[in-house]
Amino acid sequence: MKKIQNLFSLLAGGCLGIVFLVTFAQVVQRYIFQLSMPWATDVIRIFFVYSVFFGMAVGVFKKIHLNIDVFIQILPSNLKPLFDILSNVVVLVFLCFVFRFSIPFMMANKDQYTPYLMFPMSYVYMIVPITVGFMVLFLLSDSVRLIFRLVKKEGHQPSSKGR
């Protein structure tokens, strides 16, 4: 998963870089040369959407998604792993719904195209099930890891019998 996290980080940064460069070029073209770049709006929209979903996946991979720091800090240390599992489950349920509805949404827009580039909108929306699928896999594996760690920790508790 670390390689996927690094790849998604690079892709998110690259997409934001393209958004910046095309936006800058569009402003220069419009205000200095009085020429419009109508295709720029399509490029900016596509790469911004991609950067959001790649960045969202990186946030989930780094576990910086759903956190209520004040609440976590006041929890006893023995309840923190349970809160981590609960947090994973809440995000996992939400992402499963997003994944479930993203595929029909993508398919429903297969005959839609961007106005200037004529790029299929289904390709734009394809990023949703791809990145959400990776997020679901990560959260499932992380939850299993947390549960095994919790069970292992509880199995090694010293007993008070025999004193």
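Reference entry: report on the structure contained in this document. (Residues numbered from 1 in each chain as written. Predicted model: local features only at pLDDT ≥ 70, side-chain atom pairs only at ≥ 80, totals over all residues. Heavy atoms only, no water.)

1. Quick word on the side chain of Asp142
To keep it simple, the criterion reads: Helical segments are the DSSP runs of H or I of at least four residues, strand segments are the runs of E of at least two, and each set is numbered from the N terminus. Here a polar contact is recorded for every N or O atom pair within 3.5 Å, except that within protein the pair must consist of a potential hydrogen donor and a potential acceptor, and residues adjacent in sequence are included only if both atoms are side-chain atoms. Every residue pair with non-hydrogen atoms within 4.5 Å of one another is taken to be in contact.
Tracing the backbone shows Asp142 in helix α6 (residues 127-155). Separated by 2.8 Å, the side chains of Asp142 and Lys63 make a polar contact. Once residues lying within four places of it in the same chain are set aside, the contact partners of Asp142 are Lys63 and Asn88.

2. Concerning the packing of aromatic side chains
Where we set the bar: Aromatic rings from Phe, Tyr and Trp, with only the six-membered ring used for Trp, were paired whenever their centres fell within 6.5 Å, and each pair was classed as stacked if the ring planes differed by under 30 degrees, edge-to-face if by over 60, and tilted otherwise. Here the term buried applies to any residue with accessible area under 20% of the maximum for its type, exposed to any over 50%, and partly exposed to those in between, with areas from a 1.4 Å probe on protein chains only. Whether a charge sits over a ring comes down to the Lys NZ or Arg CZ being within 6 Å of the ring centre and within 35 degrees of the ring normal.
Across all of its chains, the model carries eight aromatic pairs by this definition. Between Phe20 and Phe24, the ring centres sit 6.2 Å apart and the planes meet at 15°, which makes this aromatic pair stacked. Of this pair, Phe20 and Phe24 are both found in helix α1 (residues 2-31), four residues apart, which corresponds to roughly one turn of the helix. Phe24 sits in the exposed class, given a relative accessible area of 52%. Both rings, one in Phe105 and one in Tyr125, keep their centres 4.7 Å apart while their planes meet at 55°; by these two values the pair is tilted. You can see Phe105 sitting in helix α4 (residues 80-108) and its partner Tyr125 sitting in helix α5 (residues 121-125), a full 20 residues away along the chain. Residue class for Phe105 comes out partly exposed when judged on its relative accessible area of 43%. A relative accessible area of 23% means that Tyr125 is categorised as partly exposed. An aromatic cluster of three or more residues is present, and its members are Phe8, Tyr50, Phe54, Phe61, Phe134 and Phe138. The ring of Phe101 is capped by Arg100, whose NZ or CZ atom sits 5.0 Å from the centre of that ring.

3. Comments concerning the pattern of salt bridges
A side chain of one charge can pair with a side chain of the opposite charge if their charged atoms are brought near each other. For clarity, the threshold we go by: Definition used for salt bridges: Asp or Glu carboxyl oxygen within 4 Å of a side-chain nitrogen of Lys or Arg.
Inspection of the entire model under this criterion finds three salt bridges. A salt bridge links Lys63 to Asp142, with the shortest nitrogen-to-oxygen separation between them at 2.8 Å. In this pair, Lys63 is assigned in the loop between α2 (38-61) and α3 (69-74) and Asp142 in helix α6, connecting sequence segments 79 residues apart. A relative accessible area of 25% places Lys63 in the partly exposed class. Of the charged contacts, one joins Asp142 and Arg145 as a salt bridge, the two residues approaching to 2.2 Å between their closest N and O atoms. Here the residue Asp142 and the residue Arg145 both occupy positions in helix α6, the gap between them amounting to three residues, near one helical turn. With relative accessibility at 3%, the residue Asp142 sits in the buried group. A single network of salt bridges, built from pairs that share partners, joins Lys63, Asp142 and Arg145.

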